[in-house]
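Structure at a glance
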Amino acid sequence: MAGPLTLKRAGKYGFCAGVRIADRTVRKLASEGRSGKILGQLVHNERVVSDLVQVGFATAASLDEVRAGTIVFSAHGVPPSFHRRALERGLLVVDTTCPFVYDVHEEARQALEAGFHAVFIGDSAHREVIGYTHDIVLTTADVERIDFDRHPRVKIFYQTTLNSEEYEDVALAIEGAADHAERADTICYATKENQDAARDLAADPGIDCIVVVGGRHSANTRHLWEICRAAQPRSYLVHGSDDLRADWFADCGGVGITAGASTPDSMIEEVEGAIRLLAASPAPASGPLAAPEAAL
Ligand code: SF4
């Protein structure tokens, strides 16, 4: 050990405001003795999903699965038809769609009304964009498949959680193909802020290694880890405290911590506490469990 261990969290990390509110809403309902189903995962984190099952809110893969009771729409929104279908079958809707997503939907509605051809850059399976656009593209090859001769005016939207810089080539391809194209400002800065803060943490000269905490299937957590690893090779991705290894911290003075947008505060606290314990161990040699990502 290089000396007393200093732990430093990134300036921004973890749940965005929209997900935090959705999580609190469901837990409040549970505390009032209510139960129901959540359409899709509230967040892409196995621990959160399992916690919510314990308190009475299991995940439903589709609306058709929910025949009665309460249905929760997650922060990332649903296609407009879902509200109608839920009400038709007598479900009680708890809508936790993030206000920022609703802003995007409103801007898309206005563009469609004004005669624009709406093109979203995003994931075609993401409920945030389905029903609010004409085309969904993710690559320049997708753009080539659109016949822009039929669409004199195009409005470009980004799915809120995308990093616009990474999809600049796609936006440029649309602008190159269309006679007239305008960009809507629909990026949510929560994701970008977490990424910028991770970059700052990785560049901090007082930080000798970084632990990135997040769900096994969380793409944005993996992306944070890649950002950290580019500047700080000793960056480790963990899904919980069991993944930590004592030897990571053996000669570390400063440990940075960041977490994906789907990582609850409780998991970050748990990992931070475990790092302190490992660092305080008299002779750290190896950790309790292997961390698969450390070897990637
Ligand atoms: S729009 Fe932004 S703040 Fe809202 S849920 Fe999505 S990522 Fe979170």
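Just so we're clear, the structure is a prediction, and the values are computed from it rather than from any experiment. (Residues numbered from 1 in each chain as written. Predicted model: local features only at pLDDT ≥ 70, side-chain atom pairs only at ≥ 80, totals over all residues.)

Comments concerning the sheet that holds strand β10 (residues 209-213)
Read from one edge to the other, the open sheet built from four strands follows the order β1-β12-β10-β11, with strand pairing classed as parallel. Each edge of the open sheet carries a strand with a single partner, namely β1 (6-9) and β11 (235-238). Strand-to-strand twist across the sheet, computed as the mean angle between neighbouring axes with direction ignored, equals 25°. Against the sheet, helix α7 (residues 189-203) contacts β10, β11 and β12 (254-259), and its axis sits at roughly 170° relative to β12. (Pairing = 2+ DSSP bridges. Helix = DSSP H or I, 4+ residues; strand = E, 2+ residues; numbered from the N terminus. Axes fitted to C-alpha atoms, helices over the stretch in contact; angles between N-to-C directions. Contact = placed C-beta atoms within 7 Å.)

Regarding the site of the ligand
In the vicinity of the ligand, 14 residues are found, and the nearest of them are Cys16, Gly18, Ala75, Cys98 and Cys188. Broken down by secondary-structure element, the contributors of at least two residues to the shell around the ligand are α1 (17-31), α4 (99-113) and α7. It is α1 that contributes the most residues to the shell around the ligand, three residues altogether. Summarising the domain contributions, the shell around the ligand has at least three residues from each of domain 2 (17-97) and domain 3 (100-187). (Near = placed C-beta within 6 Å. Domains from an automatic or database assignment.)

Observations regarding helix α8 (residues 219-231)
An α-helix turns once per 3.6 residues; consequently, residues spaced three or four apart project the same way. Between its first and last C-alpha atoms α8 spans 19 Å; for 13 residues at 1.5 Å apiece the expected length is 18 Å, and the two agree. Residues of α8 that are buried: Asn220, Thr221, His223, Leu224, Trp225, Ile227 and Cys228. (Expected span 1.5 Å × (residues − 1). Buried ≥ 20, exposed ≤ 12 C-beta atoms within 10 Å, placed from the backbone.)

Digging into the pairing of strand β9 (residues 180-183)
Here four bridges tie strand β8 (residues 153-158) to β9, and the two strands are oriented parallel to one another. From the neighbouring strand, Val154 faces β9, where its bridge partner is Ala181. Taken together, β8, helix α6 (residues 168-177) and β9 constitute a β-α-β crossover, and its handedness is right-handed. (Right-handed = clockwise from strand over helix to strand, strands pointing away.)

Thoughts on the packing of α7 against α8
As a packed pair, α7 and α8 sit with axes 8 Å apart at the nearest point and diverge in direction by 30°. The orientation of α7 with respect to α8, classified from their angle, is roughly parallel. Relative to α8, α7 is oriented so that their crossing is right-handed. Contacts from Thr191, Asn194, Gln195, Ala198, Arg199, Leu201, Ala202 and Ala203 of α7 reach α8 at Asn220, Leu224, Ile227, Cys228 and Ala231. Here the residues of the contact of α7 with α8 are counted per class, giving eight nonpolar, four polar and one charged. (Parallel < 35°, antiparallel > 145°, perpendicular 65-115°, else oblique. Left-handed = near helix turned anticlockwise from the far one by under 90°. Nonpolar A, V, L, I, M, F, W, Y, C, P; charged D, E, K, R; others polar.)

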